[in-house]
Amino acid sequence: MQISLDNLLEELSGLETITNPTQVAKLSEDYAHFSPVLIPLLAGKVGDVVVRPSNESEVLRIAKTCVKYQIPLTVRGSGTGNYGQCTPLMGGVILETSRLQEIKWIKAGLACVETGVKMVTLDKKAQEIGWESRMVPSTVRSATVGGFIAGGSGGIGSVLYGQLRDRGNLRAVRVVTLEDEPRVIELRGDDVQKVAHAYGTNGIITELEVPLAPAYGWAEYVVRFADFMTAARFGQALGNSDGIIKKMISVHSAPISNYFTALQSYIPTDSHCALVLVAESDREPFKSLIQEFKGEICYEKSPQEASKGISLVEFSWNHTTLHARAADASLTYLQSLFLNDPKLELVQQMYKHFGDEVMMHLEFIKVNGVVIPAAIQVVRFTTVDRLNEIIEYHESQGVFIANPHTYILEDGGMKTIDYDQLNFKRQVDPYGLMNPDKMKGWQIK
Ligand code: FAD
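Residues numbered from 1 in each chain as written. Predicted model: local features only at pLDDT ≥ 70, side-chain atom pairs only at ≥ 80, totals over all residues. Heavy atoms only, no water.

1. Some remarks on helix α14 (residues 419-428)
Among the residues of α14, those classed as buried are Gln421, Leu422, Phe424, Lys425 and Val428. All buried residues of α14 fall inside an arc of 160° around its axis, so they share one side. Elements that come into contact with the buried residues of α14 comprise β9 (184-188). For α14, the capping residue at the N-terminal end is Asp418, with a side-chain oxygen 3.0 Å from the backbone nitrogen of Asp420. (Buried < 20%, exposed > 50% of the residue type's maximum accessible area, 1.4 Å probe, protein only. Helix = DSSP H or I, 4+ residues; strand = E, 2+ residues; numbered from the N terminus. Arc of directions from axis to C-beta. Contact = heavy atoms within 4.5 Å. Polar contact = N/O pair within 3.5 Å; in protein donor to acceptor, adjacent residues only side chain to side chain.)

Here it is in structure tokens:
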């Protein structure tokens, strides 16, 4: 930094700041430790100060200070990202959004919130008028709306509504720029894609307009099957059953459910099972489908019961990896899409090929109107070379890998430079101060 920390704090006087090194180090981390590749790359990467603005004017003031002294700025929501997305690689200011907490308005089908509103808070408020978020990450209890949009991809609800990037799943954003005179820009329509899933590299989102879905009473089930492929085919059949409203279909090969300590009294050891959220009113056709696949229900909770205790949501998506790693910290994971595999032949091939080394965990989601299996496999890690070999084998067979072992935006799920996002960065962050070194395209002059 070209300015001492004391002088910087003076510039930011009146704003809430944190300088305690232990706290700043904690607020420089996310869940990148799920990846043995990322741990050494991110070790020791910390910010200099955390600033917590309480309104957009304070965000503008922080932006102006960072530009004036050419200080890197990294935005942080709740820090539940998986790829070091909010870890500052070059120190500087961490702008934490937890005080930007206002729900501006909610009406049928739409809500407008400040970026730091938690997904769970938005849902509780929307449910009062019969609506809820279209999709939430399994970190719904802690993740912020802005963090989900800037760093996430989809989650519980994606089987009905697709992914965050699909047109319509984000309506508008307000963004603070890091120009010499920072200003607020509002993006609507397809323009929102300029900042969605950009890891906070091209503007500070302060406010978002998001669509909502009708809120159903979601009953929760665990159903076990004779073998993994029957569980997977059940998942696909449920995904294809347009007459049964469901929000989550999470399928696990044995021994993954053994890692679900809190569910151990319900799920027999070494079960192949599906964790499902289904509209309570569709219980009857759902049970007929279970019968067809000779499944056995081993856990059943009404929406009222599910809202009180544990929710199956927190065993799905990357919470599966979290539970597995709690039992064995050497485990890691992969993220895959089986984009053209309606008969699940490729799923079966990968399951057989890798056996216990790559434990199959499927999440069914809608892609371009078709329900497909995405996978967040639990991987027994040995070496980085072997991990890369596993990735290469999947890709050579036609499985799309969104690599979770990189902090570079383009090297994860995107694979190419998004020139709309890059050009927007050139406009709103001309000095390249925002989350430096995360966007590969920025290196191209
Ligand atoms: P953070 O981690 O704080 O930030 C994420 C990114 O967004 C960072 O690059 C940050 O700089 C940027 N950012 C945050 N706020 C702003 C802002 N206001 N303006 C500009 N940029 C900003 N992801 C999914 O998509 N689906 C899942 O189901 C899912 N499950 C998960 C389960 C576990 C156990 C874990 C650890 C992670 C999971 N994730 C999942 C990843 C992560 O939880 C989500 O992406 C989450 O929504 C991030 O929210 P956050 O508030 O923690 O954001």
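2. Some remarks on the site of the ligand
Of all residues adjacent to the ligand, which total 35 residues, the nearest are Val75, Gly77, Thr80, Thr144 and Gly154. For the ligand, whose accessible area on its own is 970 Å², the fraction buried by protein is 97%. Those elements that place two or more of their residues in the shell around the ligand are β3 (73-76), α6 (145-151), β10 (204-214) and α11 (317-327). Top element by residues in the shell around the ligand is α6. It accounts for five residues. Looking at the shell around the ligand, its residues break down into 11 nonpolar, 23 polar and one charged. (Near = heavy atom within 4 Å. Areas by Shrake-Rupley, 256 points an atom, 1.4 Å probe, with all protein chains shown as cover. Nonpolar A, V, L, I, M, F, W, Y, C, P; charged D, E, K, R; others polar.)

3. Notes on the nonpolar core
Ranked by internal contacts, the top residues of the largest apolar core, which has 72 residues, are Val145, Leu170, Val173, Leu208, Val222, Leu275 and Leu312. Beyond its immediate stretch of four places on either side in the chain, Leu170 contacts Ile149, Val192, Ala196, Leu208, Glu209, Val210 and Pro211. In this structure, Val278, Met350, Leu362 and Ile401 belong to the second largest nonpolar core, which totals 42 residues. (Core = buried A, V, L, I, M, F, W, Y, C linked by side-chain atoms within 4.5 Å.)

4. Examining the sheet that holds strand β2 (residues 49-52)
Taken together, four strands build an open sheet; the order of strands is β1-β2-β4-β3 and the sheet is mixed. At either margin of the open sheet sits one strand with a lone partner, and together these are β1 (16-18) and β3. Sheet twist, expressed as the mean angle between neighbouring strand axes with direction ignored, is 25°. Of the strands in this sheet, β2, β3 and β4 (93-96) are in contact with helix α4 (residues 56-69), which crosses β4 at around 170°. (Pairing = 2+ DSSP bridges. Axes fitted to C-alpha atoms, helices over the stretch in contact; angles between N-to-C directions.)

5. As for unusual backbone geometry
That bond from Ala254 to Pro255 is cis: its omega, 10°, falls within 30 degrees of zero. One can find Pro255 in the loop between β12 (246-252) and β13 (272-279). Look at Asp270: it is not a glycine, yet its phi comes out positive at around 60°. Here Asp270 is to be found in the loop between β12 and β13. Taking relative accessible area as the criterion, Asp270 reaches 45% and is therefore assigned partly exposed. Here the phi dihedral of Lys294 falls at roughly 55°; this positive angle occurs in a residue that is not glycine. If you trace the backbone, Lys294 turns up in the loop between α9 (283-292) and β14 (296-301). For Lys294, a relative accessible area of 70% gives the class exposed.

Honestly, that's just the spatial picture; any functional story needs more than this.
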